[in-house]
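Per-entry structural report
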Number of protein chains: 8
Amino acid sequence: MRALLDGVKSGRVAEDEAVAALSELPFQDLGFAKVDHHRALRKGFPEVVFGQGKTPEQIAGLAVALLEKSDRLLVTRASAGAFKAVLARASDAKYDPVARTIVVNRRPVRPVPGVVVVCAGTSDLPVACEAAVTAEIMGCSVERVADAGVAGLHRLLSGMPVIERAKVVVAVAGMEGALPSVLGGLVKVPVIAVPTSIGYGASFGGLAALLAMLNSCAPGVGVVNIDNGFGAGYLAAMIVKGA
Amino acid sequence: MRALLDGVKSGRVAEDEAVAALSELPFQDLGFAKVDHHRALRKGFPEVVFGQGKTPEQIAGLAVALLEKSDRLLVTRASAGAFKAVLARASDAKYDPVARTIVVNRRPVRPVPGVVVVCAGTSDLPVACEAAVTAEIMGCSVERVADAGVAGLHRLLSGMPVIERAKVVVAVAGMEGALPSVLGGLVKVPVIAVPTSIGYGASFGGLAALLAMLNSCAPGVGVVNIDNGFGAGYLAAMIVKGA
Amino acid sequence: MRALLDGVKSGRVAEDEAVAALSELPFQDLGFAKVDHHRALRKGFPEVVFGQGKTPEQIAGLAVALLEKSDRLLVTRASAGAFKAVLARASDAKYDPVARTIVVNRRPVRPVPGVVVVCAGTSDLPVACEAAVTAEIMGCSVERVADAGVAGLHRLLSGMPVIERAKVVVAVAGMEGALPSVLGGLVKVPVIAVPTSIGYGASFGGLAALLAMLNSCAPGVGVVNIDNGFGAGYLAAMIVKGA
Amino acid sequence: MRALLDGVKSGRVAEDEAVAALSELPFQDLGFAKVDHHRALRKGFPEVVFGQGKTPEQIAGLAVALLEKSDRLLVTRASAGAFKAVLARASDAKYDPVARTIVVNRRPVRPVPGVVVVCAGTSDLPVACEAAVTAEIMGCSVERVADAGVAGLHRLLSGMPVIERAKVVVAVAGMEGALPSVLGGLVKVPVIAVPTSIGYGASFGGLAALLAMLNSCAPGVGVVNIDNGFGAGYLAAMIVKGA
Amino acid sequence: MRALLDGVKSGRVAEDEAVAALSELPFQDLGFAKVDHHRALRKGFPEVVFGQGKTPEQIAGLAVALLEKSDRLLVTRASAGAFKAVLARASDAKYDPVARTIVVNRRPVRPVPGVVVVCAGTSDLPVACEAAVTAEIMGCSVERVADAGVAGLHRLLSGMPVIERAKVVVAVAGMEGALPSVLGGLVKVPVIAVPTSIGYGASFGGLAALLAMLNSCAPGVGVVNIDNGFGAGYLAAMIVKGA
Amino acid sequence: MRALLDGVKSGRVAEDEAVAALSELPFQDLGFAKVDHHRALRKGFPEVVFGQGKTPEQIAGLAVALLEKSDRLLVTRASAGAFKAVLARASDAKYDPVARTIVVNRRPVRPVPGVVVVCAGTSDLPVACEAAVTAEIMGCSVERVADAGVAGLHRLLSGMPVIERAKVVVAVAGMEGALPSVLGGLVKVPVIAVPTSIGYGASFGGLAALLAMLNSCAPGVGVVNIDNGFGAGYLAAMIVKGA
Amino acid sequence: MRALLDGVKSGRVAEDEAVAALSELPFQDLGFAKVDHHRALRKGFPEVVFGQGKTPEQIAGLAVALLEKSDRLLVTRASAGAFKAVLARASDAKYDPVARTIVVNRRPVRPVPGVVVVCAGTSDLPVACEAAVTAEIMGCSVERVADAGVAGLHRLLSGMPVIERAKVVVAVAGMEGALPSVLGGLVKVPVIAVPTSIGYGASFGGLAALLAMLNSCAPGVGVVNIDNGFGAGYLAAMIVKGA
Amino acid sequence: MRALLDGVKSGRVAEDEAVAALSELPFQDLGFAKVDHHRALRKGFPEVVFGQGKTPEQIAGLAVALLEKSDRLLVTRASAGAFKAVLARASDAKYDPVARTIVVNRRPVRPVPGVVVVCAGTSDLPVACEAAVTAEIMGCSVERVADAGVAGLHRLLSGMPVIERAKVVVAVAGMEGALPSVLGGLVKVPVIAVPTSIGYGASFGGLAALLAMLNSCAPGVGVVNIDNGFGAGYLAAMIVKGA
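Residues numbered from 1 in each chain as written. Chains lettered and ligands numbered in written order. Predicted model: local features only at pLDDT ≥ 70, side-chain atom pairs only at ≥ 80, totals over all residues. Heavy atoms only, no water.

**Details of the overall build of chain A**
For clarity, the threshold we go by: Numbering of helices and strands starts at the N terminus; helices are DSSP runs of H or I of at least 4 residues and strands are runs of E of at least 2. Each residue is placed in one exposure class: buried if its accessible area under a 1.4 Å probe, protein chains only, is under 20% of its type's maximum, exposed if it is over 50%, and partly exposed if it falls in between. Contact criterion: two residues are considered in contact whenever any of their non-hydrogen atoms come within 4.5 Å of each other. With residues, only the protein chains shown are counted as cover, and all accessible areas are computed by Shrake-Rupley using a 1.4 Å probe.
Regarding its fold elements, chain A presents 11 helices and nine strands. By the burial criterion, 61% of the 243 residues in chain A qualify as buried. Partitioning the intrachain contacts of chain A with sequence separation of at least 6 by distance along the chain shows that 68% fall at a separation of at least 24. With an accessible surface of roughly 8,200 Å², chain A has 58% of that area assigned to carbon and sulfur atoms.

So, in structure tokens, the structure goes:
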């Protein structure tokens, strides 16, 4: 912020000119997105590409532009086709077909431990994996506990040795969304709750799980948007790295 | 049903006359409610009085009318004032201030065991007690497990010896409404889920708990209306008595 | 539950090791689902496969894994293609194209009578049939009454001789969802209400029927999720078998 | 309409002047309501006063103003206090405490028969009576069938001799709102469905009943707003008088 | 109804047998729908086929079955393919591509006048035409006023000469659904309001228009379900024929 | 904005110190509100006090603080008691009991004409008057047209001579909220639509009117929050003064 | 309006005849839309074609009909195919693939400056461009600021030199819809807020952004329907041209 | 968890007996709440009392019971009357009338810095203060920035020197709920978003702010329930103490 204010102070004339030039252009001449190379400075992580609704070509173009300035890249909700397009231009890109993520990491660091991602049902895996991959690219090591729905309590309890090692737990669940409440009562660390759109009928696209998580009777639970594995992994990484 | 059809067959003329006479009267001359002495024949239990929104005098009047034909009575959502009015006319009436019920039982029977009512939080007790009292007046013995919210799993597990004796479990919870899902995974008997309006904010008057229960990932769960302890106790009694 | 606690007591070391090994694997290496061979012990019925959103190959794989340990199998929301894939590996599988179910039953038992499934309109048949098939594979014999919507009361009444034999009634209806209320007033046994998504406009995907059923003025009604024929059949079987 | 257009044609100058004068006045100088003596010409019935939210004095003032030009008056949602205030200035006013209506009828006409108001539960009576009183003051005779909820089908059937005389049926119900669907299947005449706010929990203030009625599987059903007994009675009177 | 009760009285034995036989059959053996030849007796019009979601073959099969007993037929929401299939078996069938209706009328009667269908926008035409065709096959002559949205008041006013001939007005509108309110203030006859799903964004599939129509400040308005042109035409025909 | 950036540039040190001091204080030591004397510079109008939920003493305190720096004041949703408290400290304050506003204007300017506020029903007057008073204190003259609901089209048309003088129309309506659509089709100037919470049942606290206005088929309509007369008057004044 | 009334006065006979002839025609004979050549007189701009849901042929037909009477045309939500069809018949048509608009402007005028369109994210560009193109065809020059989401405040601030030139700001944003609130605090001119359907999960198709904008804590904000770029551009042009 | 399992292992017999005894008691004999002295072991903080809906006597009783085992206590949503009752039995209790909290802290520890609570409007102060008090009793020092709504960006920016010291930011806002999005773009630490019910009309009791926060375009934001200051403070303390 101070950098921003300083920039305004020292460089106003140039800025005005740039802004004026910029604003004369119609939107559609800007290309499909402004790539923001400065975000890493502010938020500790370079621009992430939300792949849904973008063509493979658009995604590959954005990826190349970002990799010119950064040694890490994350594309979420990416199809296999998008991966193919990126791979043609960045041969070290990696694809996770469950998480639907494309990752490039040219600056491996010693990962910070403490993120555990717990997943209620197998249908919730794509969202859980997106959370895990996000935390990993941000520099964390992630442990995972799958198929730990509350209706099979013994499976959840069998995961406790792993869960107890967590500094932050990401709890991913659809349907009735009860997992964060049960976990919140078992651990002493923050729980990030991710409702998923898994379900039908009165699940209303994840609304039931979302409301359940917001009303959790266990304290220490923060909630992100439906299916927002990226947001949960990002927040989890912030917490363990700030710790 | 056959009794109904037979009645129509054999007694039509009289019925027509009665109906004609009846329908000439404006609604407001009918008094505040038609008392239906025949319901016990059809449903196995006499008319129940829903006390909310009725004056103590109305409740007492209905109670007296019902007790002329039946040896049992249940008033739900009854205030202490309503109880006082009923007691003046039926000295054996009993009041449960938590359940807010008035009960008269002049034909004690040997109770059928197997109903267990489990309650997530202390604020859910009025609804849970209404369920328990309802099942009791219908001829069941009821065991109760209180304060067994899913965020305090050890308390719920400590109630398992009782819960395992159930032929049907009534699970009462507000807020995130996760209790029926956890119970549904632990028992082999039907679970009747009762959402309560306990909560605030995004609980939306019990909607969050209701949706969670409808989306339970555990099979064997049936849901009743928000705060409908009576309906849950009634259904539970039907199940264990039919067993 | 006691078995679970005993297991924890006696086998902790091994469990820790297994859990540790397990949790090192990323989710996507687990295959598409953990198959839970112990569920039958807890809930009286082996794992059921929810076919929607799974490929025929995934369904066939899960089916084979389950049939190694169990002599019964139920796949719901299964396409004809999924059936073909299962049939290639389990030649005694049977498909019901209306219910969209795949069933294998290698241990025929003498069925328990008492489940009656009543269906309001012909469009509700898939859900009604799913309920019936589910109760049958769980060991019940099921009677069926079709096209008994409340706007054609004579048809509903003509079904009464069958309905009166029920120990539990499953009432399936879309649109205004009035069937459970009318049935609840005619029978003395539990009614399991299943709203369906049949309708348009202000039906809001079954919400209208769901709300109507939750607000039924007849006691003794428990409600399951929209289109959840499986859940209704499962609960009905629990009730008649527990009886 | 032609009268309106004619008025515009022949009297524009005067109108312009009146409008100009009128629009100079701030709203609050207009008094609490413009009384519209011309509405009877357009709609066949003089202005009706919606009593809710108005003081007894305001209601009495409006009543007097209306009665100067008309020989009929209807005040809906009127308290006993409002009636007292009106009675002091119109000694022939009549109050119906269930319908909460004040009526003055100084031009009794031979009533047109054919309106039947059917009411599901005793709690729905105020709305049903408002409908009946409205149709009566508009010149109809009204027959009434009370306590005819669908969960007590025999009571509804016992009302059929009256209902069969209807040219239009007004069906009033809260909770699950199933009455219009059942009636719609039994009669050959229009059914006006009135949802009421009677219920609790997932009734959501009458929304459940409203949605059920809009989704009625019986044709020939038109729906009015929740608790809008006046609107239903008005529409019913229009239909039988137009017949 | 009396016919029904008589039937039950005189023919019970046969009925029991038929019912017993019927209920032994699984649902899926019943064919895709029970055709109800008796509905015309009760409701004055033979069974209508709701074409949406049915295959051309199913529609043609139902059409043939109905035409064996009736000289009129209406299929709504029918595709051109469905029409082709029906035409092959009923050469006098007629198709209206805007209304998406198939009609057979082998008993032309002198039509009853008085139904006027008013349509707000050109996108609402399919629903408006379905209403008009429905009223016509039920024996009414229908006048139509198109493109009479309230934002173009002069066009609505130019339609007044036609609208003033109405005994009942069907008002069809999407988006803000204001047409019935404006019409209700201009005419002295019942207005049947039909919200359509035309709109986007905060129209929420017709919810905005539906709510507006239910809250109409003009009395004499009854509302049907979103896009339910059939229901509106049916109700309009009932009203003018009963008149 | 430039003033802001300049301020940051030239005065940073002092600001830092002030901020540091400020942030040491707990919230509750700040008094009940920070009064912002600079808002007039940015938005052309001094701070407005939203009176609802504030005590008369709080309102009077805020009023005095504001009047030390400004010669105008507006308090909305003010009770008579609040006015009394303000009057004791500002003897030139004026109260409008319908608009529920307190106004002090010590710098009368020649008002800018062109705002017309049109109101559908008498119950909508408080919101309409709040809009008018707001535009007046911001320096506009306002013309008013009351009781111009769309169901009484002749009254709306009789207001056209006034409405045609508008440079911006504020249209206030509850219930079905159709007024902005009709007005939008009659005038060539912007229409600011204000839904009110007037209505009952399916009005859902103004939601019906809000949705109708957002879906207006007439272009040139902008919508503000339910009952937000202040916002509409403020926006209208901005438009005519910017013109 | 006076023109309308005059028209009614002087030309009634002819009008009646025309109306009578018109109303005899069934809807479907009217063609797919009445083209209204008089709208430009009333609203200052000729009929706009809403392209969504119309075939290229329908669009081209409407375009030709409009261009016979007008020298400007705007088609919104137009596909490339629709453009091709229009181009074949109007060789000076222009297509904007981001805005999805077809424009013909045969009467270039000196544009009125003062409209600034600000866009939160690149996914919101189609709606923002539709707003810009609409204001341009109505005779305004438009400046644009892209990718100015509130989470990247420095980018928004860098656009301030342009934004400060605005007489009206159109603020387009999806997701949390915060842009209009931030802008409303920075500028002294009206802000037209356009929520977009960009987002997922709890965005509910733009509902989140819509509610946020309606609840803006900044005064001077008017809201249009979700994705309604056309409406916002139209209203903005009205404001600056009326100024 | 291990402690729990160990407890089950070693002490089962006694537990069974206790449970059996316990479960025989009806709910209402348990007193108004079970006090859980073990929660501090599991979650790092003793039981908190949610004061809303409890009588002063109940709150004082719970407070005494808790203070027998713990040296800290927090009561939220406490009235002045509740404080008086607690003070009579714990003379070192302190009350914060804005936060509505009662606090006893008999074990002052050196507070952990890093929590900053930012509040959008003065009406949001009670929720913000509840968050701050909660974090303080859990052992944190808290800095506060008040009245930092996004429509007054300069005030928010003036708070940046404090905000930049945060390890976690709690952002409290009602109405459009934009504060967390703006903050999320300015800081590199986790943001806990708390929607409040402040607002009216389309705020729908805080729903607008809740949805906005869930849809925040800034990553690193976790959301708690509407008005849940306690939950936000609890989660913030967990994060900084775990750091």
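**Things to note about the sheet that holds strand β4 (residues 101–105) of chain F**
Residue and element names in this part refer to chain F. Here is the rule we go by: Whether two strands pair comes down to DSSP finding at least two bridges between them. To obtain each axis, a line is fitted to C-alpha atoms, and for helices this fit is confined to the stretch in contact; angles are then taken between N-to-C directions over 0 to 180 degrees.
Overall, mixed pairing links the four strands, which are arranged β1-β2-β4-β3 in an open sheet. Each edge of the open sheet is held by one strand with a lone partner, namely β1 (48–50) and β3 (94–96). Each strand axis lies, on average, 15 degrees off the axis of its neighbour in the sheet, ignoring direction. Of the pairings in the sheet, the one linking strand β2 (residues 72–76) to β4 comprises four bridges and is antiparallel in character. Of the residues in β4, the one forming a bridge with Leu 73 is Val 104.

**Brief notes about helix α6 (residues 125–137) of chain H**
All names here are of chain H. Heads up, the rule is: What a helix is expected to span follows from its residue count: subtract one and scale by 1.5 Å.
With 13 residues, α6 extends 18 Å between its outermost C-alpha atoms, agreeing within 8% with the 18 Å of an ideal straight helix rising 1.5 Å per residue. The complete set of buried residues in α6 reads Leu 125, Val 127, Ala 128, Cys 129, Glu 130, Ala 131, Ala 132, Val 133, Thr 134, Ala 135 and Ile 137. Positive phi appears at Gly 139, one or two residues downstream of α6, with a value of about 105 degrees.

**Comments concerning the domain arrangement of chain A**
Residues and elements named next belong to chain A. Operational definition: Note that the domain bounds reflect an automated or database-derived domain assignment. A 1.4 Å probe defines the accessible area here, and the buried area is the portion of it lost by two parts on being joined, summed over both. Each salt bridge in this description consists of a side-chain nitrogen of Lys or Arg and a carboxyl oxygen of Asp or Glu lying within 4 Å of one another.
If you check the domain split of chain A, you get domain 1 (30–105) and domain 2 (112–242). For domain 1 and domain 2, the distance between their C-alpha centres works out to 25 Å. On the side of domain 2, 13 residues touch domain 1, which itself brings 16 residues to the contact. Interface of domain 1 and domain 2: buried area, both sides summed, is about 1,200 Å²; carbon and sulfur atoms make up 65% of it. Our count for the contact surface shared by domain 1 and domain 2 stands at one salt bridge.

**Observations regarding the pairing of strand β4 (residues 101–105) of chain H**
Residue and element names in this part refer to chain H. Most of β4 sits out of view: four of its five residues are buried. The sheet contact formed by strand β3 (residues 94–96) and β4 spans three bridges and is antiparallel. Each bridged residue has a counterpart across the sheet, and for Asp 96 the counterpart in β4 is Thr 101. Connecting β3 to the antiparallel partner β4 that follows it, the hairpin turn spans four residues, and Arg 100 within it adopts a positive phi of roughly 60 degrees.

**Remarks on the sheet that holds strand β2 (residues 72–76) of chain A**
Residues and elements named next belong to chain A. One open sheet accounts for four strands, arranged β1-β2-β4-β3; its pairing is mixed. Edge positions in the sheet fall to β1 (48–50) and β3 (94–96), since each of these pairs with one other strand and no more. Neighbour-to-neighbour, the strand axes of this sheet turn through a mean angle of 15 degrees, independent of strand direction. Across the face of the sheet, helix α4 (residues 56–69) comes into contact with β1, β2 and β4 (101–105) while running at roughly 160 degrees to β2.

**Observations regarding the pairing of strand β2 (residues 72–76) of chain G**
Residues and elements named next belong to chain G. The line we're drawing: Assignment of crossover handedness uses the view with strands pointing away from the viewer, where a clockwise path from the first strand over the helix to the second indicates a right-handed crossover.
Counting buried positions along β2 yields five of five residues, so the element is predominantly enclosed. Both faces of β2 are covered, namely the face carrying Arg 72, Leu 74 and Thr 76 and the face carrying Leu 73 and Val 75. Bridge count for strand β1 (residues 49–50) against β2 is two bridges, and the pairing is parallel. For Phe 50, the partnering residue across the bridge sits in β2 and is Thr 76. Between the parallel pair β1 and β2, the chain is carried across by helix α4 (residues 56–69), and the sense of this crossover is right-handed.

**Quick look at helix α10 (residues 207–214) of chain C**
Of all eight residues that make up α10(C), seven are buried, and the element is covered over most of its length. Regarding α10(C), the residues found buried are Ala208(C), Ala209(C), Leu210(C), Leu211(C), Ala212(C), Met213(C) and Leu214(C).

**Structural notes on the packing of aromatic side chains**
Applied cut-off: Ring pairs are drawn from Phe, Tyr and Trp, using the six-membered ring of Trp, whenever the two centres fall within 6.5 Å, and their geometry is named by plane angle: stacked under 30 degrees, edge-to-face over 60, tilted for the rest. Comment: the charge-over-ring label is applied if NZ (Lys) or CZ (Arg) is within 6 Å of the ring centre and within 35 degrees of the ring normal.
Within the structure shown, the criterion is met by 24 aromatic pairs over all chains. When the ring of Tyr200(A) is compared with that of Phe50(C), the centres are 5.7 Å apart and the planes differ by 15 degrees; the resulting orientation is stacked. With Tyr200(A) in the loop between β8 (191–195) and α10 (207–214) and Phe50(C) in strand β1 (residues 49–50), this residue pair bridges two chains. A relative accessible area of 18% places Tyr200(A) in the buried class. The ring of Tyr200(A) carries Arg77(C) above its face, with NZ or CZ at 4.4 Å from the centroid.

**Some remarks on the side chain of Asp227(F)**
Under the convention used in this document: Neither His nor the chain ends contribute to the count of charged residues, in which Lys and Arg are positive and Asp and Glu negative.
Topologically, Asp227(F) is positioned in the loop between β9 (221–223) and α11 (229–242). Buried charge without a salt bridge: Asp227(F), with Arg77(F) as the nearest opposite-charge side chain at an N-O distance of 5.1 Å. Residues in contact with Asp227(F), not counting those within four places in the same chain, are Arg77(F), Val127(F), Glu130(F), Val194(F), Pro195(F), Thr196(F), Ser197(F) and Tyr200(H).

**Some thoughts on the state of the cysteines**
Short version of the rule: Here, a disulfide means two cysteine sulfur atoms that sit within 2.5 Å of each other.
Applying the stated criterion across every chain, the model contains zero disulfides over all chains. For the unlinked cysteine Cys140(B), the closest cysteine sulfur is that of Cys129(B), found at 16 Å. The exposure class assigned to Cys140(B) is buried, which follows from its relative accessible area of 3%. We note that Cys119(H) lacks a disulfide partner, and the nearest cysteine sulfur, in Cys129(H), lies 7.3 Å from it. A residue is classified by how much of its surface remains accessible, and Cys119(H), at 0% relative accessible area, is buried.

**Remarks on the pattern of salt bridges**
All names here are of chain G. All chains considered together, the criterion is met by 48 salt bridges over all chains. Glu 143 is the partner of Arg 165 in a salt bridge, and the nearest nitrogen-oxygen pair spans 2.8 Å. One end of the pair, Arg 165, is in the loop between α8 (160–163) and β7 (168–173); the other, Glu 143, is in strand β6 (residues 140–145), with 22 residues separating them in the sequence. With a relative accessible area of 18%, Glu 143 lands in the buried category. A salt bridge links Arg 155 to Asp 147; the shortest N-O distance between them is 3.2 Å. On the accessibility criterion, Arg 155 (14% relative accessible area) is buried.

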